[in-house]
Amino acid sequence: MTDLTSSAHVAQAGNRPSGETQWIRSAADVSNLVNNSTQARSNARVVIAIALGGVFLDAYDLGALAFGVKDVAREFNLTPTGTGLVASAITFGAIVGALVGGYLTDKIGRYRVFMADMFFFVVAALACAFAPNEYVLGGARFVMGLGVGIDLPVAMAFLAEFSKLRGQGNKAASVAMWCPTWYAAISISYLLVLLLYAVLPESHTDWLWRLILGFGAVPALVIIAIRSRYMSESPVWAANQGNLKGAAEILRSSYNINAEVAPDADLSKLKPTRRASWRNYGALLQGVYLRRTLLATITSVASAFAYNAVAFGLPVIISSFFAQSMLTTILVSLALNLLFAFVGGLLAVRLVPKLGAWRMSVTGYACQCVALLGLALIGRPAGGEEAALAIAMLALFLFGQGFGPGSHTMTFASLSYPTSLRGVGVGFNQTLMRGSSTVSLFAFPVLAAALDTQVFWVLALAPLAGLLALLAIRWEPSGYDVDAEDFSR
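Keep in mind that what you see is a predicted model, and the values were worked out from it rather than measured.

S.K.: Hey, could you run me through helix α4 (residues 80-107) in this one?
M.R.: Working note: α-helix, 3.6 residues per turn, so residues spaced by three or four point in the same direction. For α4, which comprises 28 residues, the first-to-last C-alpha distance of 41 Å matches the rise-based estimate of 40 Å (1.5 Å per residue) to within 8%. The principal kink in α4, of about 40°, is found at S88. G109 sits one or two positions beyond α4 and adopts a positive phi of about 105°.

S.K.: Even after reading the chapter, I still don't get the environment of S416, so can you show me in this structure?
M.R.: Locating S416 in the fold gives a position in the loop between α19 (405-415) and α20 (419-451). As for S416 and S478, which are separated by 62 residues in sequence, their C-alpha atoms are 9.4 Å apart. Discounting residues that sit within four places of it in the chain, S416 has contacts with Y289, R292, T411, W475 and V482. Within polar-contact distance, the side chain of S416 engages the backbone oxygen of F412 at 2.5 Å.

S.K.: For this particular structure, what's the right way to read a nonpolar patch on the surface?
M.R.: Together, L373, L377, L451, W457, V458, L461, L464, L468 and L471 make up a nonpolar patch on the protein surface, roughly 800 Å² of accessible area in all. A total of 4 residues in the nonpolar patch trace back to one element, the largest contributor, which is helix α22 (residues 461-472).

S.K.: It is not clear to me how the environment of N429 should be interpreted in this structure. Could you clarify?
M.R.: Structurally, N429 can be placed in helix α20. The class of N429 is buried, set by a relative accessible area of 3%. In sequence terms N429 and A98 are 331 residues apart; their C-alpha atoms lie 8.4 Å from each other. Among residues more than four places away in sequence, those in contact with N429 are A296, T297, S300, M410 and A413.

S.K.: Before we go on, may I ask you to explain the nonpolar core in this structure?
M.R.: Taken as a class, soluble globular proteins show a tendency for nonpolar side chains to be buried jointly. Of all hydrophobic cores here, the largest spans 136 residues; its most connected members are F114, M118, L137, M156, F158 and L459. At 12 residues, helix α6 (residues 134-161) tops the list of elements feeding residues into this core.

S.K.: Before we go on, may I ask you to explain the packing of aromatic side chains in this structure?
M.R.: Each pair of aromatic rings is reported with the distance of its centres and the angle of its planes. Applying the stated criterion across every chain yields a total of 13 aromatic pairs. Feature note: the residues F114, F158, F162 and Y255 constitute an aromatic cluster, connected by ring pairs. Here R292 stacks its cationic end above the ring of W475, 4.1 Å away from the centre of that ring.

S.K.: Would you mind going over the side chain of Q401 with me for this structure?
M.R.: Mapped onto the elements, Q401 comes out in helix α18 (residues 384-403). Among the polar contacts listed, one links the side chain of Q401 to the side chain of Q368, at a separation of 2.7 Å.

S.K.: What am I meant to see in the packing of helix α8 (residues 178-199) against helix α9 (residues 208-215) here?
M.R.: Angle between the axes and distance between the axes are the two parameters that describe a pair of packed helices. Between α8 and α9, whose axes approach to 10 Å, the crossing angle comes to 140°. Taken together, the axes of α8 and α9 lie oblique to each other. Relative to α9, the crossing made by α8 is right-handed. For the pair formed by α8 and α9, the contact residues are L192, V193, L196 and Y197 on the first element and L208, L211, I212 and F215 on the second. Tallied by class, residues from the contact of α8 with α9 come to 8 nonpolar, no polar and no charged.

Cut-offs used in this document
- Residues numbered from 1 in each chain as written.
- Predicted model: local features only at pLDDT ≥ 70, side-chain atom pairs only at ≥ 80, totals over all residues.
- Heavy atoms only, no water.
- Helix = DSSP H or I, 4+ residues; strand = E, 2+ residues; numbered from the N terminus.
- Expected span 1.5 Å × (residues − 1).
- Bend = angle between axes of the 7 residues up to and from the residue.
- Contact = heavy atoms within 4.5 Å.
- Polar contact = N/O pair within 3.5 Å; in protein donor to acceptor, adjacent residues only side chain to side chain.
- Patch = residues over 30% accessible without salt bridge, like charges linked within 9 Å, V, L, I, M, F, W, Y side chains within 5 Å.
- Areas by Shrake-Rupley, 256 points an atom, 1.4 Å probe, with all protein chains shown as cover.
- Salt bridge = Lys/Arg side-chain N within 4 Å of Asp/Glu carboxyl O.
- Buried < 20%, exposed > 50% of the residue type's maximum accessible area, 1.4 Å probe, protein only.
- Core = buried A, V, L, I, M, F, W, Y, C linked by side-chain atoms within 4.5 Å.
- Phe/Tyr/Trp six-rings, centres within 6.5 Å; stacked < 30°, edge-to-face > 60°.
- Lys NZ or Arg CZ within 6 Å of the ring centre and 35° of its normal.
- Axes fitted to C-alpha atoms, helices over the stretch in contact; angles between N-to-C directions.
- Parallel < 35°, antiparallel > 145°, perpendicular 65-115°, else oblique.
- Left-handed = near helix turned anticlockwise from the far one by under 90°.
- Nonpolar A, V, L, I, M, F, W, Y, C, P; charged D, E, K, R; others polar.

By themselves, these observations are geometric and do not establish any function.
In structure tokens, the structure reads:
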């Protein structure tokens, strides 16, 4: 084994293991202990919380410039093309980052990639805040995008590999937590905009976008400060690299499991279960993984296309229904996200162990189809009743997103592959999903200008495609021991 895979970081703060000694002889034994643990898991929960902190940063940084892009264009005298390049630099960085991050997550481990990722966020956020010109700002946004793209594969790996297999708080529920975390970050960015808008003197409103972008360094610094005390490498990944001793240490520290390497375990014959390689991206399109990859990809692309068009166009959509101030538009957008998308995400976390990701995704896509068709039929509301119905359709769309595909596209992407392929699986999924988001953000204003409210007929095709894919491929990842596939080859 190389130095990259021969060690595993173990948190400094850990529980004192108690109970009967659990002897491990193989990576399969480690996976079984994680999946079926009934011991105290305080550090494992902290690892999950920190991983969700990474997801929070992803969402915050992606949405932070939404309300400051006009100020940036004015300060740097940008053309519409220049403004678009600065605004989209983070998306292009995320596409590259997801592809590279998926490979590195499987190659050098979850912990090392995650901590390097946090430094990306700090440096990029500060560079954005003090950018002297559009070139530095665009470059910093691209670097920030690299961090965003790298983060989701590693965050999803942590969520999946520090959770048990079945019951409340299982792997599917932990992965689904990314969705309400995402909505919470977007909501906090909205609230931060309102707070700064209220307290900044009128002569310093040009500081607004710099403060919002720079704030992204704060949670990243907090994560860096507590990383060595609470974060550990994934025990399943360490064991898959042949490092049973490191895996046993992590089980003792994070799970309070009195794990020891069995005296009769032949450590000299241990080797990585599957070596990390760029060729593993090709493995996603072979054998049993082909159908799962198709389902995960179609549902993610469809979800991203429809959600980005509606969510990021939400202020425009609402203002087209009513004549109102920007402040009212922001508040209504915030309320819809919190009351419906966020609540739907919380319900998804609670119910997925019982209902399953497939059934909830079908329900969510069905809600979105009804909502978009309803908006298309209403068109521009003619009166108060139609306006209220249109707002209800937007709420239904956002609830369906949080309850269904918004939460569970990552469940399909993360839990369709075993530990040895999880990084590249999520990385591949995120690369295509980010591409879909970019197309959606570009296409929605163009389509809306050409079709007006009839654009909803076009947008309805996206959830319909996701629904048809689910009906054609009935794959349920929740409660299925996909990691066992690493040991049965």
